[in-house]
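Structure at a glance
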Amino acid sequence: MRAFLVVIDSVGIGGAPDADSYFNDGVPDTGANTLLHIAEACARGEAEDGRSGPLALPVLDGLGLGRAAELASGTLPPGLGATPQGRWGAATESSKGKDTPSGHWELAGLPVPWDWHYFPDEQPAFPQDLIDAVCKIAGTDGTLANCHGSGTVMLDRFGAEHIRSGWPICYTSADSVFQIAAHEDHFGLERLLDLCERMAPMLHEMKVGRVIARPFLGEEGAFRRTSNRHDYAIRPPEPILTNWAQEAGRTVHAVGKIGDIFSMEGINQLHKGDDATLMRHLSELVDNSGDGSLTFANFVEFDSLYGHRRDVSGYARALEWFDTELGRLLPRLRDGDLLVVTADHGNDPTWVGTDHTRERVPVLIAGAGTGALGQVAFADVAASVAAHLGVPARGPGKSFL
C-alpha cells in the first residue's frame, strides 16, 4: 500500500470563488481558466507550435479531468468529458495567495497561518535595508533591477550589465518572492547560492515565502536559465503530510521542487532534475519504492516554461506529454496503491500579465474506485492520502476516501 501525490504545477480549472480579489496587471482573475482556455485555443487551431489539433488528454480525462473542470467552472473543455474511470473532484484553496508555497502547504494539510508579504509593484520595489544587505554579502556596490518582472525579461534587460558590473539582479513578482539572478560563470553559482541562503532569514522574518536563486548562462542576446535554481523557503510552522508519514515510520520521496518548498521537512530522499528527468524518477519509484511509502512529486515546467511565458502551444504540448507518460505509469501501480493528480494554483497562458491565476484545481485519483468527490478543500487531499497510508492526520482536512 503506497501513495503517490503528483502536482502538475499551475494546471488550474477556473471557478475560484474569490478570483476577483487577485490580479494580473490590474485585471482581476475572474474568468481565468487554464485548462479550458488551452483546450479552446487548441480546438480553434491556435496552438499548433510543435503539436496540432484538439487537446488530447485521454488518460487524465479518463480519470475525470473534464468532469472536474466542468464542476469547477460550469464549462466542459472541448475535447474532454469522458466517462470517468477514477475518482474526481475540484479543490478550492482557503489560504490567501496564489503562489507555490500556499498551494503546496495546504495540499499537505497546512493552510497558511499568516498573510504573506508582497513587494509593491513600483520601482524601487525593495526597501533600502534589503538592498544594503545584498550588497554587503555579495561584496558589490549595488544591485540591478529592483522591480517586478518576468525572469526571462530580467535577463534580457539586465544580463549584459550584470556581466559588466558584477552586480546581482534582484527582482520579484506578484508572488511572495525575492529572486536573485546571476551568471554562473561571471558571478559564480556557489556565490549566488551562498548569497540567497544568507539573505533568506531576513526575508523569512518579513514573511516573504521564498528567496530564489536564479542562475543563468550564455552571452548577450542568448542568455538562458539553468536547472541549478534553488528555492530557500520558509519552513512550515507545523507538521505536514510528509512529517505525518515519516513520523509513522514511512519512507517519503520528494520528486522535483517539493524538497525546496517544504525545506526538506519530513523527506527521506530527494529526486531532482527537469520534468523529463523527474518523470523517470517517478517511474522508477512506481516500480521500486517500498510498501507504505509516500512519493510527493511536482512537475514545474507547465508553470515555469509555459504559463508565465503565456505559451499556449507549449503548455498544451506539456499536458499531452504528461498524459502519455501517466498512461505508462498507471498499469504498473500495485494492488492497494493510490495515485492522486492535482495542482497548486492556475497560470492561464491566455490571460493578461505573466503571473499565476487564482483558480480551483482538479483532484483525480487512481486506485480508489470510481465516482465523483464533489467540491473539496486543498487540505482534504492530505487527509485522504494519510488515511490511505493509515497514518494519523492533523489539521483541518477531511478524508474523501
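The following paragraphs examine the structure supplied in this document. Quantities reported herein were computed from a predicted structural model and do not represent experimental measurements.

1. Re the sheet that holds strand β16 (residues 371-377)
The 8 strands are arranged β12-β11-β13-β1-β14-β15-β4-β16 in an open sheet whose pairing can be described as mixed. Here the strands that pair on one side only, and so sit at the sheet edges, are β12 (269-271) and β16. For this sheet, the mean inter-axis angle between neighbouring strands, taken without regard to orientation, is 15°. Against the sheet, helix α13 (residues 378-389) touches β1 (3-8), β4 (87-92), β13 (294-299), β14 (338-342), β15 (361-366) and β16, its axis set at about 125° to β16.

2. A word on the pattern of salt bridges
Evaluated as defined, the whole model comprises 18 salt bridges. In this structure, Arg394 and Glu247 form a salt bridge, with 2.5 Å as the shortest nitrogen-oxygen distance. Of the two residues, Arg394 sits in the segment after α13 while Glu247 sits in helix α8 (residues 241-247), which places them 147 residues apart along the sequence. Under the relative-accessibility criterion, Arg394 is labelled partly exposed at 41%. For Asp260, the salt bridge identified is with Lys272, shortest N-O distance 3.4 Å. Here Asp260, found in helix α9 (residues 258-261), pairs with Lys272, found in the loop between β12 and α10 (275-288); they are 12 residues apart in sequence, far enough to count as distant. With a relative accessible area of 9%, Asp260 lands in the buried category. The network of salt bridges with common partners includes Asp175, Arg210, Arg229 and Asp231.

3. What to know about the layout of surface pockets
Its boundaries defined by the atoms lining it, the largest pocket holds a volume of some 620 Å³. Along the walls of the largest pocket sit 25 residues, with Thr226, Ser227, Arg229, Val300 and Ser304 positioned nearest its centre. Those elements giving two or more residues to the lining of the largest pocket turn out to be α6 (151-165), β8 (210-217), β9 (224-225), α10 and α11 (301-307). Tallied by class, the residues present in the lining of the largest pocket amount to 6 nonpolar, 7 polar and 12 charged. Considered as a void within the structure, the second largest pocket measures approximately 430 Å³ in volume. Considering the residues around the second largest pocket, the lining is formed by 21 residues, among which Phe23, His148, Ser173, Ala174 and Asp355 are closest to the centre. Class assignment of the residues belonging to the lining of the second largest pocket gives a composition of 5 nonpolar, 10 polar and 6 charged.

4. A look at the side chain of His204
Tracing the sequence through the fold places His204 in helix α7 (residues 184-205). The contacts of His204, once residues within four sequence positions are left out, are Gly209, Tyr232, Ala233 and Ile234.

5. Re helix α5 (residues 128-138)
Buried within α5 are the following residues: Leu130, Ile131, Ala133, Val134, Cys135 and Ala138. Residues of α5 that are buried sit in contact with β5 (144-148), β6 (169-172), β7 (177-183) and α7. With its phi angle positive at about 75°, Gly139 sits one or two positions after the end of α5.

What counts and what doesn't
Here the residue numbers are simple positions, counted from 1 along each chain's written sequence. Predicted model: local features are reported for residues with pLDDT of at least 70 only, side-chain atom pairs are reported and counted for 80 or more only, and whole-chain, interface and lining totals are derived from all residues. In computing side-chain properties, one takes all heavy atoms of the structure into account and sets aside hydrogens as well as water. We call two strands paired when DSSP finds no fewer than two bridges between them. Under the DSSP-based scheme used, a helix requires at least four consecutive residues in state H or I and a strand at least two consecutive residues in state E, with every element numbered from the N terminus. The axes used here are C-alpha line fits, helices contributing only the stretch in contact, and every angle between their N-to-C directions lies in the interval 0 to 180 degrees. Contacts are assigned to residue pairs with any non-hydrogen atoms lying within 4.5 Å of each other. In what follows, salt bridge is the name for a side-chain nitrogen of Lys or Arg lying within 4 Å of a carboxyl oxygen of Asp or Glu. Throughout, exposure labels follow a simple rule: accessible area from a 1.4 Å probe, protein chains only, divided by the maximum for the residue type, with under 20% read as buried, over 50% as exposed, and the rest as partly exposed. Cavities and pockets were defined on a 1 Å grid built over protein atoms only: a cavity is a set of grid points that admits a 1.4 Å probe from which the probe cannot escape, a pocket is an open set flanked by protein on both sides within 12 Å along at least five of seven lines, and lining residues are those with an atom within 4 Å of any such point. Grid points are joined across faces, edges and corners, and a volume is the space filled by probe spheres set on the points. Residue type decides the class: Asp, Glu, Lys and Arg count as charged, Ala, Val, Leu, Ile, Met, Phe, Trp, Tyr, Cys and Pro as nonpolar, and the leftover types, Gly among them, as polar.

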